[in-house]
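Spelled out, the chains give:
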Amino acid sequence: MTDPNTRWVIHLPVTATDLPRARILARTAARALSFLTELDPGETTVSAEDTQAEHHRAFCDQLLPGGRRCILRAEHLHPCTDRPPRSPHNNRPYGTPRHR
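Below is a short write-up of the structure.

Conventions and cut-offs
Residues numbered from 1 in each chain as written. Predicted model: local features only at pLDDT ≥ 70, side-chain atom pairs only at ≥ 80, totals over all residues. Heavy atoms only, no water. Helix = DSSP H or I, 4+ residues; strand = E, 2+ residues; numbered from the N terminus. Polar contact = N/O pair within 3.5 Å; in protein donor to acceptor, adjacent residues only side chain to side chain. Contact = heavy atoms within 4.5 Å. Buried < 20%, exposed > 50% of the residue type's maximum accessible area, 1.4 Å probe, protein only. Disulfide = S-S within 2.5 Å. Pairing = 2+ DSSP bridges. Core = buried A, V, L, I, M, F, W, Y, C linked by side-chain atoms within 4.5 Å.

## Looking at the side chain of Thr44
Argument step 1. Positionally, Thr44 belongs in the loop between α1 (19–32) and β1 (45–48).
Argument step 2. Separated by 2.7 Å, the side chain of Thr44 and the backbone oxygen of Pro41 make a polar contact.
Argument step 3. With residues up to four places along the chain from it excluded, the contact list for Thr44 reads Ala26, Ala30, His56, Arg57, Ala58 and Phe59.

Laid out in structure tokens, this is it:
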């Protein structure tokens, strides 16, 4: 019988041609499924098919003051933040719908 406190991790194989594309795909999938309370996007990692023991983070996930975590990509160059960056094209916050 399984311990009721045991957490289970789902491994969903998806392939990409290189590490940057794999990280982009992983971040996109994690953000698309972020409505699921069971999802822990900050723990999203990718690995090469033949070296699955070596994981590469998709998100920074650095702990910030107040207990929130950085939502930017791993190895980002800007200061950590818990808010999506503004779109450079229209100065709207990422994901904000356009007003008509």
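Moving on, there is more to tell.
## Some points on unusual backbone geometry
Argument step 1. The backbone of Asp61 sits at a positive phi, close to 65°, despite the residue not being glycine.
Argument step 2. Mapped onto the elements of the fold, Asp61 is located in the segment after β2 (51–57).
Argument step 3. The class of Asp61 is buried, set by a relative accessible area of 11%.
Argument step 4. Of note in the backbone geometry, Glu75 takes a positive phi value of approximately 60° without being a glycine.

## Thoughts on the state of the cysteines
Argument step 1. Scanning the model with the defined rule gives 0 disulfides in all.
Argument step 2. Unpaired in terms of disulfides, Cys60 finds its nearest cysteine sulfur in Cys80, a separation of 3.8 Å.
Argument step 3. Take Cys80: its relative accessible area is 35%, and that puts it in the partly exposed class.

## Quick look at the pairing of β2
Argument step 1. With 3 bridges joining them, β1 and β2 adopt antiparallel strand pairing. Counterpart to Val46 in the pairing with β2 is His56.

## As for the nonpolar core
Argument step 1. Counting 6 residues, the largest nonpolar core consists of Ala22, Ala26, Ala30, Val46, Ala58 and Phe59.
Argument step 2. The dominant element in this core, judged by the number of residues it contributes, is α1, at 3 residues.

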